[in-house]
Amino acid sequence: MKLCVALDMATKKQNLNLAKKLKEYDIWLKIGFRSYIRDTNIILQELKNINENFKIFLDLKLHDIPNTMADAACEIASLGVDMFNVHASSGKVAMQTVMQRLKQIKNPPLVLAVTALTSFDQKGFYEIYHEDIQTKAIKFAKDSYESGLDGVVCSAYESKAIKENTDKNFITLSPGIRPFGEDKDDQKRVATIDLAKKELVDFIVVGRAIYNSNEPQKVVQKIIESL
Ligand code: C5P
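Residues numbered from 1 in each chain as written. Predicted model: local features only at pLDDT ≥ 70, side-chain atom pairs only at ≥ 80, totals over all residues. Heavy atoms only, no water.

Note on pairing: side chains with opposite charge can pair once their charged atoms come close. Scanning all chains against the criterion turns up 17 salt bridges. In this structure, Asp59 and Lys61 form a salt bridge, with 3.0 Å as the shortest nitrogen-oxygen distance. In this structure, Lys163 and Asp202 form a salt bridge, with 2.7 Å as the shortest nitrogen-oxygen distance. Of this pair, Lys163 sits in helix α8 (residues 159-165) while Asp202 sits in the loop between α9 (193-198) and β8 (203-206); the two residues are 39 residues apart in sequence, bridging distant segments of the chain. (Salt bridge = Lys/Arg side-chain N within 4 Å of Asp/Glu carboxyl O. Helix = DSSP H or I, 4+ residues; strand = E, 2+ residues; numbered from the N terminus.)

Below, the structure is given as structure tokens:
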């Protein structure tokens, strides 16, 4: 299991400072909407300048018509990131189009599909998708697998069932991790590292539990020791 640290802080400087503090660790860094919109793609190179071995997950959750998504996917690939994501609810045609277009590129990034956001509870999810979270997350995962994607973003609670319904090597990445049972914040389906391990999660994403700590290095060290 690998640790992916979400760089969702209020300023670019804070994100870069955190990356500097964590530069000795073998970790992934996640750049999401906040940083990408504010700091533009320059941030990606700045992170690699801190440690060229940092792996970068660009969390922009593409969701549009197939051609627009495939164009965006190629642009993302040209930025040299290691992984990015799309929404599985954009549909199989869109996901297949993305994968077909990326085949033409040398060393394309890994592509994951978001199944159910970890901030949904059953009620909120049902209002939109008219199915329970686990059933729909597995359906979305099968769609993504059949479309040739590398894996999915899901809560830790769905990881094992998704692998059983697709392939054990189909990647699962789980946000909503509160490593040692910290506050849930806006997340509804949070899980600890122990649960993520039992559920065979490949990547855990941790944001606030690290960057809101007074000693982020210690938290990361403790997480890595427990992986
Ligand atoms: O601070 P916290 O650990 O809750 O951060 C979780 C991160 O994972 C955030 O950047 C959020 O946007 C992202 N994410 C999520 N649920 C998903 C996909 C991404 O929480 N399904």
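The structure having been displayed, the exposition proceeds.
So, about helix α5 (residues 92-103). Along its 12 residues, α5 runs 16 Å from first to last C-alpha, staying within 8% of the 16 Å computed at 1.5 Å per residue. Turning to α5, its buried residues number three or more, namely Ala94, Met95, Thr97, Val98, Met99 and Leu102. Packing partners of the buried residues in α5 comprise α4 (66-78), β4 (83-87), β5 (110-114) and α7 (133-146). (Expected span 1.5 Å × (residues − 1). Buried < 20%, exposed > 50% of the residue type's maximum accessible area, 1.4 Å probe, protein only. Contact = heavy atoms within 4.5 Å.)

Around the ligand, the structure places 16 residues, and the nearest of them are Asp8, Lys30, Gln187, Gly207 and Arg208. A distance of 2.9 Å separates an oxygen atom of the ligand from a polar atom in the side chain of Gln187. Notes on the ligand: free accessible area 470 Å², of which the protein chains cover 88%. Of all the secondary structure elements, the ones that give two or more residues to the shell around the ligand are β3 (55-62) and β8. Class assignment of the residues belonging to the shell around the ligand gives a composition of 7 nonpolar, 3 polar and 6 charged. (Near = heavy atom within 4 Å. Polar contact = N/O pair within 3.5 Å; in protein donor to acceptor, adjacent residues only side chain to side chain. Areas by Shrake-Rupley, 256 points an atom, 1.4 Å probe, with all protein chains shown as cover. Nonpolar A, V, L, I, M, F, W, Y, C, P; charged D, E, K, R; others polar.)

A few words on unusual backbone geometry. Of note in the backbone geometry, Thr40 takes a positive phi value of approximately 60° without being a glycine. For Thr40, the location among the structural elements is in the loop between α2 (33-39) and α3 (42-50). Accessibility expressed as a relative area gives 36% for Thr40, which makes it partly exposed. The phi angle at Asn107 is positive, at roughly 50°, despite the residue not being glycine. If you trace the backbone, Asn107 turns up in the loop between α5 and β5.

As a further point, take the sheet that holds β4. A barrel is described by the order of its strands in space; here 8 strands give the closed sequence β1-β2-β3-β4-β5-β6-β7-β8, paired in parallel fashion. The average angle at which neighbouring strand axes cross in this sheet is 25°, direction not considered. As paired elements, β5 and strand β6 (residues 151-153) share 3 bridges and run parallel to each other. Along β6, the bridge assignment pairs Ala113 with Val152. (Pairing = 2+ DSSP bridges. Axes fitted to C-alpha atoms, helices over the stretch in contact; angles between N-to-C directions.)

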